[in-house]
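Structure assessment
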Amino acid sequence: MLTAVDVTKHYGSRPALTGVSFEVAAGEVFALLGPNGAGKSTLVSIVAALRPPDSGRVFVDGIDAVADPSRVRRRIGLASQETALYEVLTVRENLAFFGELVGLGRRSRAARIDELAAALRLEPLLDRAALQLSGGERRRLHIAIAFLNRPLLLLLDEATVGADIETRAALLEVVRRAAGDGAAVLYSTHYLPEVETLDATVGILVDGRMIAAARVDDLVAAHGCCAVELSFDGVPPAVDLGDLRASVDGSVIRVDTPDPVRAVPLIISRLGVLAGSLCGVEVLRPSLDSVFLTLTGRRFVSESVDVSAA
Amino acid sequence: MSARRSLAIARNELRVLRRDPMPLVVLLVMPLVMAPLFGATFRAALVLSGHPHASGADFAIPAQMVEFGFFLAPFTGFLFFRDHGWKTWSRLRASPATSADIIVGKALPMVALGMLQIAILFAFGAMTLHLHLHGEALPVVAVSFVYVCCAVAVGVALTAMLRTTQQLNALGFLGATLLGAIGGALVPLSTLPGWTRRIAPAAPQYWAMRATRDVILDSKPASSVVVPIIVLAVFTAVFVLIALRRMRFDEPKVGWA
């Protein structure tokens, strides 16, 4: 459904994307994972035909996004990172307007609004102005608009950022259902647990480069690692950990070990009196987090859940 | 381009306008307040310029039409900048609506609003301020329509060239006021310095004032508005051309949220 081939984009002299290639099949959720500034939003906007790449091609349902952006836009549903709503209009009016734009007739529009309002728990809010909604409610409306035309390709750019837990759960359920109905989903996110919940294929984007793209299980099998992380308040002390392979990253000593549970007591005993200056000990199991660590040399920093933000 | 999508966008703009009617107050009510205030002053000027039987409204109403009509330019721009402020711009662009659909959809309600403004102003003038339409009404309607289109085209061109709502606000309203003064919509051109009269034809306002004055005050035939209409149409075409050449839909703009 979506094919990106060698997509490159610069802002001035700064490269935003370099040679990015990937595919998303119908019914597949492709999670685009990467830190801030990795190029996720740029990639989503290129796929949505909102801006052209400097080079490379993007095809949606076989249609070239640069050559025929209008046809591509009829096949996509986009929810950008920032909520995009007509603030003085009601929830129903927002949905109805965008429904009209995507070509839904009066009856099918009304039916679709009811359907989405039920799925995203917007029913009691339909006649309330967008500016009177809470952060989570705004986020649900924002996402609902992207689903109006039952798009072949859903583009969700950090769609759950700032959403409360309840909103997040509802959104993930709707995304899962859309994929189950055959939509391809490009889901850019900061949250590793969402990727696992969605059972998604993962593309890891770092500094504009897609450094890995595979199913979560395959990535974990290939690159997952076990480690123990010791956090200190400030520069970690020099410690002799014997045969254990350790590296220092800021205030953290990371010890790579195939058996972290056994390693922890050993490490603590080696620390001796210095153990008193420990701020925390974390055991890393093979997971997306450890995959990211292996591939990039740094931990993936997810944003904290902020229930008040929109 | 799709008429259905343009109309959907136009209807949406009217819905937003209904919820936030301040532009309606400025465009529809303010000229009605200003016209009687200026009427008495203009009456004296009209007598001096050889129209002893004219009422002040014979000048004040067209003058307010021309002055406030050009405020459509910044208000048109606000429709675009507001979408940037509310982040709906990308959402509009990601919809099947083409660039032309979006521009036409936003321009249509402003043209309709401009014509409504003029209709209300003339009706108010005729009913309460003794406005006498000595010539035919149709030429005035024709001039008004082209003038309104010109103001809206200026709004789209300003949107294409400016980056922030603050710029649009300052340039739009100050520019409209300045051009209104140069074009003879604030005070009769005959009372302005000679150099002003020489540059006046560079302002669309001058041609709108000239046409309405010819018809309303001097009872000239309908053909007298042909040249002003052509000139205003050329102005409109130039601004549309500027808009088309300069408008970059993917350019970020700073709008008031």
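All of these numbers come straight from a predicted model, not from anything done at the bench.

**Let's talk about the overall build of chain B**
In terms of regular secondary structure, chain B is built from eleven helices and zero strands. Listed by position from the N terminus, the elements making up chain B come as α-α-α-α-α-α-α-α-α-α-α. Taken against the 2.2 N^0.38 rule, which gives 18 Å for 257 residues, the C-alpha radius of gyration of chain B at 19 Å falls within 12% of a compact globule. Counting only C-alpha atoms, chain B reaches 60 × 35 × 30 Å along its principal axes. Looking at chain B as a whole, 49% of its 257 residues are labelled buried. Expressed as a percentage of contacts within chain B between residues at least 6 apart in sequence, the contacts between residues at least 24 apart total 82%.

**Some thoughts on the sheet that holds strand β6 (residues 76–79) of chain A**
All names here are of chain A. On the basis of which strands lie adjacent, the open sheet formed by six strands has the order β6-β7-β8-β3-β9-β10 and mixed pairing. The sheet terminates laterally at β6 and β10 (209–215), the two strands that pair on one side only. Here the strands of the sheet are splayed against their neighbours by 15 degrees on average, with no regard to which way each runs. In this sheet, strand β9 (residues 201–206) lies alongside strand β3 (residues 29–33) in parallel orientation, the contact comprising four bridges. What sits directly across from F30, in β9, is T201. Those strands touched by helix α6 (residues 165–180) are β3, β7 (153–157) and β8 (184–189), and its axis lies near 150 degrees from that of β8. Each of β9 and β10 is contacted by helix α10 (residues 288–296), which is oriented at about 40 degrees to β9, the strand it contacts most.

**Re the packing of helix α4 (residues 72–85) of chain B against helix α8 (residues 165–182) of chain B**
Residues and elements named next belong to chain B. Running from N to C, α4 and α8 cross one another at 170 degrees; their axes reach a closest spacing of 9 Å. When the axes of α4 and α8 are compared, the pair comes out roughly antiparallel. Classified by chirality, the crossing of α8 by α4 is right-handed. On the side of α4, the interface is formed by A73, P74, G77, F78 and F81, while α8 contributes T165, L168, N169, G172, F173 and A176. Of the residues that constitute the contact of α4 with α8, the class distribution is seven nonpolar, four polar and no charged.

**Looking at the confidence of the model for chain B**
The predicted coordinates should not be examined in detail at positions where pLDDT is low. Residue-level pLDDT values for chain B average 92, and 99% of them are 70 or greater. Interface confidence in the predicted complex, given as ipTM, is 0.89; pTM for the same model is 0.86.

**Re the pairing of strand β1 (residues 2–11) of chain A**
Along any regular strand the residues' side chains alternate between the sheet's two faces. All names here are of chain A. Bridge count for β1 against strand β2 (residues 14–24) is seven bridges, and the pairing is antiparallel. From the neighbouring strand, L2 faces β2, where its bridge partner is V24. In textbook terms, the turn of a hairpin is the stretch between consecutive antiparallel strands, and for β1 and β2 this stretch comprises two residues, one of which, G12, has a positive phi near 65 degrees. Note: β1 against strand β4 (residues 55–60), five bridges, orientation antiparallel. Each bridged residue has a counterpart across the sheet, and for T3 the counterpart in β4 is F59.

**Description of the packing of helix α3 (residues 57–69) of chain B against helix α6 (residues 99–128) of chain B**
Residue and element names in this part refer to chain B. For the pair α3 and α6, interaxial distance at closest approach is 10 Å and the crossing angle is 165 degrees. By the angle class used here, α3 and α6 are roughly antiparallel. Of the two possible hands of crossing, α3 and α6 adopt the one that is right-handed. Packed against α3, whose contacting residues are A57, I61, Q64, M65, F68 and G69, the element α6 presents G114, Q117, I118, L121, F122 and G125 at the interface. Each residue belonging to the contact of α3 with α6 can be placed in one class, and the counts come to seven nonpolar, five polar and no charged.

**Quick look at the interface of chain A and chain B**
At the junction of the two partners, chain A supplies 25 residues and chain B supplies 19 residues. Those elements that place two or more of their residues in the side of chain A that touches chain B are α2 (69–73), β6 and α3 (91–101) of chain A. Element by element, the count of residues in the side of chain A that touches chain B is highest for α3(A), at five residues. Among the residues forming the side of chain A that touches chain B, the class breakdown is 14 nonpolar, four polar and seven charged.

**Re the nonpolar core**
Counting 174 residues, the largest nonpolar core has V47(A), V175(A), V185(A), L186(A) and Y187(A) as its most contacted members. Considering each element in turn, this core owes the most residues, 15 residues, to helix α7 (residues 137–161) of chain B. Each of domain 1 (2–221) and domain 2 (226–285) of chain A contributes no fewer than three residues to this core. Among residues more than four places away in sequence, those in contact with V175(A) are V29(A), L156(A), V185(A), Y187(A) and L198(A).

**Structural notes on the environment of A222(B)**
All names here are of chain B. Secondary-structure assignment places A222 in the loop between α10 (204–216) and α11 (226–246). A222 gets classed as partly exposed once you count the C-beta atoms within 10 Å, which come to 15. Taking the C-alpha atoms as reference points, A222 and A142, 80 residues apart in sequence, are found 10.0 Å from one another. Dropping the residues within four chain positions of it, A222 is found in contact with E136, L138 and P139.

**Remarks on unusual backbone geometry**
In terms of backbone geometry, most residues other than glycine have negative phi values and most peptide bonds are trans. Residue and element names in this part refer to chain A. In this structure, R121 is a non-glycine residue whose phi angle is positive, near 50 degrees. Residue position: R121 is located in the loop between α4 (106–119) and α5 (135–147). By C-beta crowding, R121 is classed as partly exposed, having 14 other C-beta atoms within 10 Å. Of note, D199 is a non-glycine position whose phi angle comes to about 50 degrees, a positive value.

**Examining the domain arrangement of chain A**
By domain assignment, chain A separates into domain 1 (2–221) and domain 2 (226–285). A C-alpha centroid distance of 40 Å is found between domain 1 of chain A and domain 2 of chain A.

**Things to note about the pairing of β3(A)**
With five of five residues buried, β3(A) is to be regarded as a mostly interior element. Alternating residues of β3(A) divide into V29(A), A31(A) and L33(A) and F30(A) and L32(A), and every residue in both groups is buried.

**A look at the confidence of the model for chain A**
Mean pLDDT over chain A: 89, with 97% of residues reaching 70 or higher. Every residue in residues 304–310 of chain A is under pLDDT 50, and counting partners more than four places away or in other chains gives eleven contacts.

Reading guide: rules and limits
Residues numbered from 1 in each chain as written. Chains lettered and ligands numbered in written order. Predicted model: local features only at pLDDT ≥ 70, side-chain atom pairs only at ≥ 80, totals over all residues. Helix = DSSP H or I, 4+ residues; strand = E, 2+ residues; numbered from the N terminus. Rg over C-alpha atoms; globule rule 2.2 N^0.38 Å. Buried ≥ 20, exposed ≤ 12 C-beta atoms within 10 Å, placed from the backbone. Contact = placed C-beta atoms within 7 Å. Pairing = 2+ DSSP bridges. Axes fitted to C-alpha atoms, helices over the stretch in contact; angles between N-to-C directions. Parallel < 35°, antiparallel > 145°, perpendicular 65-115°, else oblique. Left-handed = near helix turned anticlockwise from the far one by under 90°. Nonpolar A, V, L, I, M, F, W, Y, C, P; charged D, E, K, R; others polar. pLDDT = per-residue confidence, 0-100. Core = buried A, V, L, I, M, F, W, Y, C linked by C-beta atoms within 7 Å. Domains from an automatic or database assignment.

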